[in-house]
Amino acid sequence: MSISRSRSEQLYKEALEHIVGGVNSPSRSFKAVGGGAPVFMKRAQGAYFWDEDGNKYIDYLAAYGPIITGHAHPHVTQAIVEAAQDGTLYGTPTEHEIVFARMLKEAIPSLDKVRFVNSGTEAVMTTIRVARAYTGRSKIVKFAGCYHGHSDLVLVAAGSGPSTLGVPDSAGVPGSIAQEVITVPFNDIPALEEALDRWGGDVAAVMVEPIVGNFGMVLPKPGFLEALCRLARGIGALVIYDEVITAFRFHYGSAQTYAGLPLAAVEPGATTSARFAAVEPDLTALGKIIGGGLPIGAYGGRREIMEQVAPLGPAYQAGTMAGNPASIRAGIACLQVLRQEGVYAGLERLAARLADGLAASAARHGVPLTVNRIGGAFSTHFCSHPVTNYDEAQAADGEVFAKFFRLMLDRGICLAPSKYEAWFLTLAHTDDDVSETLEAADQALRSL
Ligand SMILES: Cc1ncc(COP(=O)(O)O)c(C=O)c1O
Ligand SMILES: N[C@H](C=O)CCC(=O)O
């Protein structure tokens, strides 16, 4: 079974002439799934894509996470149209920025103050600068396989695209910079303890995806985040959560306030805020969903730390496009949709049906498959062991994934072209979409 994608192939040839690798983000290339032309999409609506050859796909890529409402959601689209009609860029503050900052602060109480930027990369990069400015220290601890964007410091042992394409340590990052990063396995408290014992006084921050989204979806083990926060603070370092994927993905808030986060046992009767206080970060980086599909990033945290940032403090961060009215208004509209009753329960129900169905189908056909689901997102690792860290994710079978990816694509199901990326449900997906996807997956798994 194969559908024609001749126009995509033609466009890819042209793109290769003008755009490096034919793509504007390496993750979009099909290098890790057997090569050849990626699919050139022409239009997206709700849960669907149509490619340049007129083929229709059910979309679980969701643009690597931001598209949680479904494509071209009417409320978000209207906000973007109205913003465009009012002029796309002012270079001055606007009231919408205040409205949006308030919404983020209400949903994520650790944000005393925020600043808007243009991408997750910028948000993370700036949290590191601010942490260094605040502590007067230079080293950062990160976890193997966590991806924090493409700024120099965090392109060390990076998951997602870099890992997919075999460049987890990018060329062009000077050794002197890489030396400022200490990498530790995710979910490994003794290894973190050892690293902090060794480098303690030099460490400005410990940075983590509190729920990993970049070597599959991986939860912290119970007590891991509490230990991380306690150990970091014990040596005077800050805790930075990269919530670029996780904010507003699992509930109206972020991982640091998510009831599904496995925490160590708390005192009986502890309040919700006491429950989460032990895992609250000093700084948080945001992106993806908060832009409603337009480019955005944001970072925020404790007042005295954020006040290191210019014009109040000595840490410089700026941006011609930062806080642009279209992204801000799309973000407000997206959060307005997400705070409606039942939104997350619906995402979770569909994702559970799909993830459980895939696992059952794989078992029926004798295909080893580990499905890690968290709320409305999950990952599929072709292996029989649990995936709780990067090594275990790397050990999953990439060739089988590549085959599965192609079989699904030919059946009209669009996944990310990497064994490390997640499947994301949107508000536009229906039970019929899930049934169609399970039918396609059953055929694909049978013929692996
Ligand atoms: C956890 C995480 N942090 C940072 C980034 C970088 O965000 P962006 O691609 O918007 O620069 C990404 C995704 O790309 C991400 O998944
Ligand atoms: N997994 C990455 C971000 O979450 C993928 C985005 C990209 O590399 O283009």
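Not measured: the values here are computed from a predicted model.

Parameters and conventions
Residues numbered from 1 in each chain as written. Chains lettered and ligands numbered in written order. Predicted model: local features only at pLDDT ≥ 70, side-chain atom pairs only at ≥ 80, totals over all residues. Heavy atoms only, no water. Salt bridge = Lys/Arg side-chain N within 4 Å of Asp/Glu carboxyl O. Helix = DSSP H or I, 4+ residues; strand = E, 2+ residues; numbered from the N terminus. Buried < 20%, exposed > 50% of the residue type's maximum accessible area, 1.4 Å probe, protein only. Near = heavy atom within 4 Å. Polar contact = N/O pair within 3.5 Å; in protein donor to acceptor, adjacent residues only side chain to side chain. Areas by Shrake-Rupley, 256 points an atom, 1.4 Å probe, with all protein chains shown as cover. Nonpolar A, V, L, I, M, F, W, Y, C, P; charged D, E, K, R; others polar. Domains from an automatic or database assignment. Expected span 1.5 Å × (residues − 1). Contact = heavy atoms within 4.5 Å. 1 Å grid on protein atoms, 1.4 Å probe; cavity = no way out; pocket = protein on both sides within 12 Å on 5 of 7 lines; lining within 4 Å. Points joined across faces, edges and corners; volume = space filled by probe spheres on them. Pairing = 2+ DSSP bridges. Axes fitted to C-alpha atoms, helices over the stretch in contact; angles between N-to-C directions. pLDDT = per-residue confidence, 0-100. Parallel < 35°, antiparallel > 145°, perpendicular 65-115°, else oblique. Left-handed = near helix turned anticlockwise from the far one by under 90°. UniProt positions renumbered as here; feature names shortened; annotations may be inferred. Phe/Tyr/Trp six-rings, centres within 6.5 Å; stacked < 30°, edge-to-face > 60°. Lys NZ or Arg CZ within 6 Å of the ring centre and 35° of its normal. Buried area = accessible area lost by both parts, 1.4 Å probe.

Some remarks on the pattern of salt bridges
Here is step 1 of the chain: Scanning the model with the defined rule gives 13 salt bridges in all.
Here is step 2 of the chain: For Glu-348, the salt bridge goes to Arg-373, with nearest N and O atoms at 3.0 Å. Remark: Arg-373 occurs in strand β11 (residues 370-374) and Glu-348 occurs in helix α12 (residues 343-364); sequence separation between them is 25 residues.
Here is step 3 of the chain: Take Arg-373: its relative accessible area is 29%, and that puts it in the partly exposed class.

Topic: the site of ligand 2
Here is step 1 of the chain: Taken together, Ser-25, Ser-27, Tyr-64, Ser-160, Asn-214, Ile-245, Lys-288 and Glu-421 make up the full set of residues near ligand 2.
Here is step 2 of the chain: Glu-421 is positioned with one of its side-chain polar atoms (N or O) 2.8 Å from a nitrogen atom of ligand 2.
Here is step 3 of the chain: Relative to its unbound accessible surface of 280 Å², ligand 2 loses 86% to contact with the protein.
Here is step 4 of the chain: Tallied by class, the residues present in the shell around ligand 2 amount to two nonpolar, four polar and two charged.
Here is step 5 of the chain: Two domains each provide a minimum of three residues to the shell around ligand 2, namely domain 1 (6-72 + 341-446) and domain 2 (74-338).

Points about helix α15 (residues 431-446)
Here is step 1 of the chain: An ideal rise of 1.5 Å per residue puts 22 Å on 16 residues; α15 measures up with 22 Å between its terminal C-alpha atoms.
Here is step 2 of the chain: Of all the positions in α15, only Asp-433, Val-434, Thr-437, Leu-438, Ala-440, Ala-441, Asp-442, Ala-444 and Leu-445 are classed as buried.
Here is step 3 of the chain: Looking at the packing, one finds that the buried side of α15 touches β2 (48-51), β3 (56-59), α12, α14 (398-410), β13 (413-414) and β14 (423-424).

A word on the layout of surface pockets
Here is step 1 of the chain: Here the second largest pocket is characterised by a volume of approximately 630 Å³.
Here is step 2 of the chain: Contributing to the lining of the second largest pocket are 28 residues, with Glu-97, Val-114, Arg-115, Phe-116 and Pro-311 lying nearest its centre.
Here is step 3 of the chain: Elements with a contribution of two residues or more to the lining of the second largest pocket: α3 (95-107) and β4 (113-117).
Here is step 4 of the chain: Top contributing element to the lining of the second largest pocket by residue count: β4, with four residues.
Here is step 5 of the chain: Taken together, the residues that form the lining of the second largest pocket break down as 16 nonpolar, eight polar and four charged.

Concerning the sheet that holds β4
Here is step 1 of the chain: Reading across from one edge, β4-β10-β9-β8-β7-β5-β6 is the order of the seven strands in this open sheet, with mixed pairing throughout. Across the chains shown, the open sheet's two edge strands, defined by having one partner strand only, are β4 and β6 (181-184). When the angles between neighbouring strand axes are averaged without regard to direction, this sheet yields 20°.
Here is step 2 of the chain: Pairing geometry for strand β5 (residues 139-143) and β6, over four bridges, is parallel. Paired with Lys-142 across the strands is Thr-183, a residue of β6.
Here is step 3 of the chain: Where helix α7 (residues 189-199) meets the sheet, its contacts fall on β5, β6 and β7 (203-208), and the angle it forms with β6 comes to roughly 155°.

Re the confidence of the model for the chain
Here is step 1 of the chain: Per-residue pLDDT for the chain averages 95, and the proportion of residues at 70 or more is 98%.
Here is step 2 of the chain: With pTM at 0.97, the complex prediction returns an ipTM value of 0.98.

Points about the packing of α3 against helix α11 (residues 325-338)
Here is step 1 of the chain: Interhelical geometry of α3 versus α11 gives an angle of 40° and a closest axis separation of 9 Å. Classified by the angle between their axes, α3 and α11 sit oblique to one another. As for the relative orientation of α3 and α11, their crossing is left-handed in sense. Contact residues: α3 offers His-96, Glu-97, Val-99, Phe-100, Met-103 and Leu-104, while α11 offers Ile-328, Arg-329, Gly-331, Ile-332, Leu-335 and Gln-336.
Here is step 2 of the chain: Looking at the contact of α3 with α11 residue by residue, the classes come out as seven nonpolar, three polar and two charged.

Some points on the UniProt feature "modified residue: N6-(pyridoxal phosphate)lysine" (unreviewed entry) in the chain
Here is step 1 of the chain: Residues given the UniProt feature "modified residue: N6-(pyridoxal phosphate)lysine" (unreviewed entry) here are Lys-288.
Here is step 2 of the chain: When neighbours within four sequence positions are excluded, Lys-288 is seen to be in contact with Tyr-64, Gly-65, Pro-66, Val-244, Ile-245 and Ile-296.
Here is step 3 of the chain: There is a polar contact of 2.9 Å between the side chain of Lys-288 and the backbone oxygen of Tyr-64.

Describing empty space enclosed by the protein
Here is step 1 of the chain: Evaluated as defined, the whole model comprises one cavity of 30 Å³ or more.
Here is step 2 of the chain: As a volume, the largest cavity reaches approximately 40 Å³.
Here is step 3 of the chain: Lining the largest cavity are Phe-401, Leu-415, Ala-416, Ser-418, Glu-421, Ala-422 and Trp-423.
Here is step 4 of the chain: Across the lining of the largest cavity, the residue classes tally to five nonpolar, one polar and one charged.

Focus on the packing of aromatic side chains
Here is step 1 of the chain: Per the counting criterion, the structure on display carries 16 aromatic pairs.
Here is step 2 of the chain: Considering the side-chain rings of Phe-30 and Phe-405, the 5.1 Å spacing of their centres and the 90° angle between planes classify their relative orientation as edge-to-face. Note that Phe-30 is positioned in the loop between α1 (6-18) and β1 (41-45) and Phe-405 in helix α14, a separation of 375 residues in sequence.
Here is step 3 of the chain: Taking the centre distance of 5.6 Å and the plane angle of 75° together, the rings of Phe-143 and Phe-224 count as edge-to-face. Of the two residues, Phe-143 sits in strand β5 while Phe-224 sits in helix α8 (residues 224-234), which places them 81 residues apart along the sequence. Grouping residues by exposure puts Phe-143 and Phe-224 together as buried.
Here is step 4 of the chain: Cluster of aromatic residues (ring-pair linked, three or more members): Phe-143, Phe-186, Phe-215, Phe-224, Tyr-390 and Tyr-420.
Here is step 5 of the chain: Over the aromatic face of Trp-50 sits the side chain of Arg-43, whose NZ or CZ is 4.2 Å from the ring centroid.

Some words on the domain arrangement of the chain
Here is step 1 of the chain: Looking at the assigned domains, one finds that the chain contains domain 1 (6-72 + 341-446) and domain 2 (74-338).
Here is step 2 of the chain: One C-alpha centre belongs to domain 1, the other to domain 2; they are set 25 Å apart.
Here is step 3 of the chain: Facing 37 residues of domain 1, the contacting portion of domain 2 comprises 37 residues.
Here is step 4 of the chain: When the two sides are added together, the surface that domain 1 and domain 2 hide from each other amounts to roughly 2800 Å², 63% of it contributed by carbon and sulfur.
Here is step 5 of the chain: At the boundary of domain 1 and domain 2, one finds zero salt bridges.
Here is step 6 of the chain: Across the domain 1-domain 2 interface, the total number found is eleven residue pairs in polar contact (both at pLDDT 80 or more).
Here is step 7 of the chain: Looking at the side of domain 1 that touches domain 2, the elements with two or more residues in it are α12, β11, β12 (377-381) and α13 (390-394).
Here is step 8 of the chain: Looking at the side of domain 1 that touches domain 2, the element that brings in the most residues is β12, giving four residues.
Here is step 9 of the chain: For the side of domain 1 that touches domain 2, the per-class residue count stands at 21 nonpolar, 13 polar and three charged.

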